[in-house]
Amino acid sequence: MKTALITGITGQDGSYLAELLLEKGYKVYGLVRRTATQNEENIAHLKKEIELITGDLCDLPSLLAALQEAKPDEVYNLAAQSFVGDSWSQPTYTAEVTGVGVLNLLEAVRQKVSHARFYQASSSEMFGKVQEIPQSEHTAFYPRSPYGAAKVFGHWITVNYRESYNLFACSGILFNHESPRRGLQFVTRKVTDAVARIACGLQKELRMGNLDARRDWGFAGDYVKAMYLMLQQEQPDDYVIATGKTYTVKHLVETAFRHVGLSWQDYVVIDPKFIRPAEVDLLLGNPEKAKQQLHWEPEVSFEQLVGMMVESDLKKYKGKN
Ligand code: NDP
Ligand code: GDR
């Protein structure tokens, strides 16, 4: 039986990855932060099957202890301050968790379980200002936020540990991926949650930022399969994971409102509060390498994804008015 340690197990991706690895017969450990309130909604259904270890990416001793306890064959580093918008108001914190935190975990792996395979959650936000369309493993990085800059550090330090210490370390450069478990701050879930509330008579308007930004949106359940596949290859490498299709935020809004038979123009208000100091205008990934080498394909379309998220939010609010 293989053993995996997942950091960020309480997040969107952590919970889907834990399900996948349990299905494959892994023993799964999850690193969780000490919190004053319970925030384990995404993993509540898995609590009997996984082992949780308290630790923090910013606390090296806790990482060393976690690896000593779990002795994993595979380490998936999904933990991060992951909300781009907040990375301007908390830039140092974001750099420490999302950037230096990766180094802490790599160092702990090197010292405790140097045979283990390591996955780093890199991001299409590293591409930032458009250098090339579509973006592939060869596209230059030009991050546009403290989050993007921290992820570039995390990405390169992973490459550096692979080349310096011969660690089996991979980075997945994942484009936006969403699900009913997505945090409410992110644009897809903010929109589907608001559409459900509006349809149920619980909310009157939806305040949004830049509707012209374009994103390559996929389904988180599909994307965690790519993480697993990367660590099963003969050689460690980096891969872009994307759908190869891009849509505007406006199209997302339109699709979600249409799903409940409403017209978005009647409800959406532009609020400068949600406009970012610098924007990533266009993300469109080229997943060819992953298709060829990992035999990975996204299965859920954009329409299906938005429909799935609106339906899940509707279920929550129906009958609440
Ligand atoms: P979430 O924001 O849903 O989850 C982040 C997780 O990190 C949570 O479990 C959170 O714990 C944990 N965490 C935050 N800070 C720390 C810390 N200091 N120490 C330990 N754990 C911490 O993110 P996603 O699941 O969406 O994304 C997973 C990873 O993939 C992230 O690294 C993200 O940056 C990256 N990524 C995501 C993409 C996406 O579209 N979803 C695309 C590309 C990359 P808590 O519950 O306590 O807050
Ligand atoms: P992103 O995701 O920044 O791409 O990072 P987010 O959903 O926050 O924003 C996507 C785009 O929508 C625009 N936008 C708004 N965004 C939010 N959150 N709220 C709004 O009201 C709003 N109005 C317009 C944004 O300006 C942006 O252009 C996500 C995170 O999961 C990262 O961790 C991950 O690395 C990248 O995806 C790939």
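Residues numbered from 1 in each chain as written. Chains lettered and ligands numbered in written order. Predicted model: local features only at pLDDT ≥ 70, side-chain atom pairs only at ≥ 80, totals over all residues.

1. Let's talk about the sheet that holds strand S2 (residues 27-32)
The strand order S3-S2-S1-S4-S5-S6-S11 describes an open sheet built from seven strands, whose pairing is parallel. Either end of the sheet is taken by a strand with one partner, and the two such strands are strand S3 (50-54) and strand S11 (238-241). Across the sheet, the mean angle from the axis of one strand to that of its neighbour is 20°, orientation sign disregarded. Note that strand S4 (residues 74-77) and strand S5 (residues 117-123) share four bridges and pair parallel. The residue bridging Asn 77 from the neighbouring strand is Gln 120, located in S5. With respect to the sheet, helix H4 (residues 146-165) is in contact with S5 and strand S6 (168-174), its orientation differing from that of S5 by roughly 155°. (Pairing = 2+ DSSP bridges. Helix = DSSP H or I, 4+ residues; strand = E, 2+ residues; numbered from the N terminus. Axes fitted to C-alpha atoms, helices over the stretch in contact; angles between N-to-C directions. Contact = placed C-beta atoms within 7 Å.)

2. Overview of helix H2 (residues 60-70)
Along H2, the positions that sit buried rather than exposed are Leu 63, Ala 66, Leu 67 and Ala 70. The buried residues of H2 all sit within an arc of 95° when viewed along its axis, so they share a single face. Check the buried side of H2 and you find it contacts strand S1 (3-7), S2, S3 and helix H3 (91-112). Positive phi shows up at Lys 71, right after H2, with a value of about 45°. (Buried ≥ 20, exposed ≤ 12 C-beta atoms within 10 Å, placed from the backbone. Arc of directions from axis to C-beta.)

3. Considerations on the environment of Ile 241
By the element assignment, Ile 241 lies in strand S11. As for Ile 241 and Ala 290, which are separated by 49 residues in sequence, their C-alpha atoms are 6.7 Å apart. Contact partners of Ile 241, with chain neighbours within four places excluded, come to Gly 172, Ile 173, Leu 174, Phe 175, Tyr 223, Ala 226, Pro 287 and Ala 290.

4. Quick word on the domain arrangement of the protein chain
Along its sequence, the protein chain is carved into domain 1 (3-177 + 217-241) and domain 2 (183-216 + 245-283 + 300-317). Between the C-alpha centres of domain 1 and domain 2 there is a distance of 26 Å. With 18 residues of domain 1 at the interface, the matching set in domain 2 holds 17 residues. Looking at the side of domain 1 that touches domain 2 residue by residue, the classes come out as eight nonpolar, seven polar and three charged. (Domains from an automatic or database assignment. Nonpolar A, V, L, I, M, F, W, Y, C, P; charged D, E, K, R; others polar.)

5. Remarks on the site of ligand 1
Not every one of the 27 residues close to ligand 1 is listed here, only the nearest: Gly 8, Gly 11, Ala 79, Ala 80 and Ala 121. Of all the secondary-structure elements, those providing two or more residues to the shell around ligand 1 are helix H1 (12-23), H3 and S5. The biggest single contributor to the shell around ligand 1 is H1, with three residues. For the shell around ligand 1, a count of residues per class yields nine nonpolar, 15 polar and three charged. (Near = placed C-beta within 6 Å.)

6. Side note on the site of ligand 2
Looking at ligand 2, there are 22 residues lining it, with Val 84, Ser 123, Val 187, Gly 209 and Ala 213 nearest. Along the lines of polarity and charge, the residues of the shell around ligand 2 split into nine nonpolar, eight polar and five charged. Here the shell around ligand 2 spans two domains, and each of domain 1 (3-177 + 217-241) and domain 2 (183-216 + 245-283 + 300-317) adds at least three residues to it.

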